[in-house]
Amino acid sequence: MTKKILHITNGSSLTSYLEKEKYEGKIVTWHEMLCEGPTEKEIDTPSFFKKRKLFLESVYNVEYDESKIKKEIDKLKTINNYDEAVLWFEYDLFCHINMIAVISLLKQKGIRIPLFLVCSGRIEKEKGLIGLNELSPKQLREHYLNKIELNIEDIATAQKAWRIYCEGDHNLLKPLITRPSNFKYLSICLKAHIKRFPDTRSGLSTLEFNVLKLIGEHTIKSKHHLVGYVLHYQGYYGFGDIQIVRIIDNLKIFYVETVDTLKLNRNGYLALENQKNFRNALDCNFEFGGVNKREFQFDKKANKLIKTTVNAN
């Protein structure tokens, strides 16, 4: 008897790939980027959709198609009519925040069937990190055949990570960094997330700092050229074009743009040398789940977030 399988993908591109390769089962496509903006623990609620719509339309000027998202989530109402569910999410922070949200949503829906994970990243004999859409059909099939069943502890870890992410103290994520699980890249992603807050020395996040390094170390011809570099060298963040463009625009006090080049100015070099903290000069009014970026700074020596003085109780 053929198993009834529900696939939950990280986006429409992968959904199209699975359909093209004729994978058996129904597909739910996840249409969100929960690594940025406000979130709530309970996902399928009017309040949740309202917050997400306001954030995405005001910050990125993109249409938030609530009906499209609800249509996919509604497919989960019959989750227990299937024999198993398979999550398709990649190695990066973008995917992992969505993944822990999906797992929490499935638990909110009362899932009782086995839950599996297909996750790409480092591939033998391949350079760099590989996304699911970048795998050959043979590699994709091998990943699927070697999918990992998530146990009770894995699911509890994902639920706890999502709950903390939606609350006000992201230092509580630190114990999960060292907790063993079947999420091969969760630890790296949580470390990357903590470093999205302003560093106590320069006031820049790790990714912002690395953007300035790219400008300083390469011949950058334009913002568009820089976006390509950042997309390629961003490591475990997994951000898209619009996210990278927002970050670059927010760093405009650090570089000079001419017709055919983009170079660091004095502020840029001071920041790279950790000679001055620019946190107050940057727009840090930005939310990650339940925390505003301006409320905390990352202390490298202590390896943790510390409350920003002006916001301290």
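Quick notes on the rules
Residues numbered from 1 in each chain as written. Predicted model: local features only at pLDDT ≥ 70, side-chain atom pairs only at ≥ 80, totals over all residues. Heavy atoms only, no water. Pairing = 2+ DSSP bridges. Helix = DSSP H or I, 4+ residues; strand = E, 2+ residues; numbered from the N terminus. Contact = heavy atoms within 4.5 Å. Axes fitted to C-alpha atoms, helices over the stretch in contact; angles between N-to-C directions. Buried < 20%, exposed > 50% of the residue type's maximum accessible area, 1.4 Å probe, protein only. Polar contact = N/O pair within 3.5 Å; in protein donor to acceptor, adjacent residues only side chain to side chain.

A.B. asks: What should I look at first to understand the sheet that holds strand β4 (residues 84–88) in this one?
C.D. replies: Across a sheet, strands are paired by hydrogen bonds formed along the backbone, either parallel or antiparallel in direction. The sheet built from five strands is open, its strands ordered β2-β1-β4-β5-β6 with mixed pairing. Every interior strand has two partners, whereas the edge strands, β2 (26–29) and β6 (148–149), have only one. Where strand β1 (residues 5–9) and β2 come together, four bridges link them in parallel fashion. The residue of β2 that forms the bridge with Thr9 is Thr29. Its contacts with the sheet place helix α1 (residues 12–20) against β1, β2 and β4, and it is angled at close to 165 degrees to β2.

A.B. asks: So what exactly am I meant to see when it comes to the environment of Asn133 here?
C.D. replies: Structurally, the position occupied by Asn133 is in the loop between β5 (115–118) and α5 (137–145). Judged by relative accessible area, which is 37%, Asn133 ranks as partly exposed. With 107 residues separating them in the primary sequence, Asn133 and Gly240 have C-alpha atoms 14 Å apart. Asn133 has contacts with Ser13, Leu14, Tyr17 and Glu90, leaving out every residue within four places of it along the chain. Only 3.4 Å separates the side chain of Asn133 from the backbone nitrogen of Leu14, close enough to count as a polar contact.

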